[in-house]
Amino acid sequence: MTGLVILGGMVFAALVPFGILVKLVRGGHAGWSMTLLSVIGALLLVLLYATGRPLGINPVLAMSLALLVVLPAVLGGGAGAVLGWLLRKRDDQSVK
């Protein structure tokens, strides 16, 4: 049962940025989408850096957060940006 909760949390962490980035990129807001992806990526790098250096966070907690929450968010956000770009490209071709 705990495995399902963890998997559900990871899917939720991936689907939220996926949906947001599809909407932003399809709407033509590339700056906001890149900012969001950059912030999520920076959080991932800070957490990975915290696993090897003393930053005031437990290294096990930092690695757990990085792998269970932030990494799925980065992957979901990247996939959402690509899908939004493809949908926008299709919409632009259909208008011509």
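Structure shown above.
Source: prediction; values computed, not measured.

Draft legend 1. Up close: helix α1 (residues 2–26). Here α1 contains 25 residues, and its C-alpha end-to-end distance of 36 Å stays within 8% of the 36 Å for a straight helix at 1.5 Å per residue. Buried residues of α1: A13, A14, P17, L21, V22, L24 and V25, and no others. G28 sits one or two residues past α1 and shows a positive phi near 90°.

Draft legend 2. Up close: the nonpolar core. Membership of the largest hydrophobic core is limited to eight residues, which are I40, L44, L47, A50, A62, A66, V70 and A73. Elements represented by at least two residues in this core include exactly α2 (30–50) and α3 (59–95). Look past the residues within four positions of A50 in its chain and what remains in contact with it is L55, I57, P59 and A62.

Draft legend 3. Geometry of the packing of α1 against α3. α3 packs onto α1 with a crossing angle of 30° between their chain directions and a minimal axis gap of 6 Å. Classified by the angle their axes make, α1 and α3 are roughly parallel. Judged by the twist between their axes, the crossing of α1 over α3 is right-handed. Its residues assigned to classes, the contact of α1 with α3 comprises 19 nonpolar, four polar and four charged.

Draft legend 4. Region of interest: the environment of I20. For I20, the location among the structural elements is in helix α1. The exposure class assigned to I20 is partly exposed, which follows from its relative accessible area of 39%. Residues I20 and L83 lie 63 residues apart in sequence; the distance between their C-alpha atoms is 11 Å.

Draft legend 5. Structural detail: α3. Helix length check: α3, at 37 residues, gives a terminal C-alpha distance of 52 Å against a target of 54 Å (1.5 Å per residue), a fit within 8%. Of all the bends in α3, the largest measures some 40° and sits at A66. Along α3, the residues classified as buried are A62, A66, V70, P72, A73, G76, G77, G80, A81, G84 and L87. Buried residues along α3 sit against α1 and α2.

About the cut-offs
Residues numbered from 1 in each chain as written. Predicted model: local features only at pLDDT ≥ 70, side-chain atom pairs only at ≥ 80, totals over all residues. Heavy atoms only, no water. Helix = DSSP H or I, 4+ residues; strand = E, 2+ residues; numbered from the N terminus. Expected span 1.5 Å × (residues − 1). Buried < 20%, exposed > 50% of the residue type's maximum accessible area, 1.4 Å probe, protein only. Core = buried A, V, L, I, M, F, W, Y, C linked by side-chain atoms within 4.5 Å. Contact = heavy atoms within 4.5 Å. Axes fitted to C-alpha atoms, helices over the stretch in contact; angles between N-to-C directions. Parallel < 35°, antiparallel > 145°, perpendicular 65-115°, else oblique. Left-handed = near helix turned anticlockwise from the far one by under 90°. Nonpolar A, V, L, I, M, F, W, Y, C, P; charged D, E, K, R; others polar. Bend = angle between axes of the 7 residues up to and from the residue.

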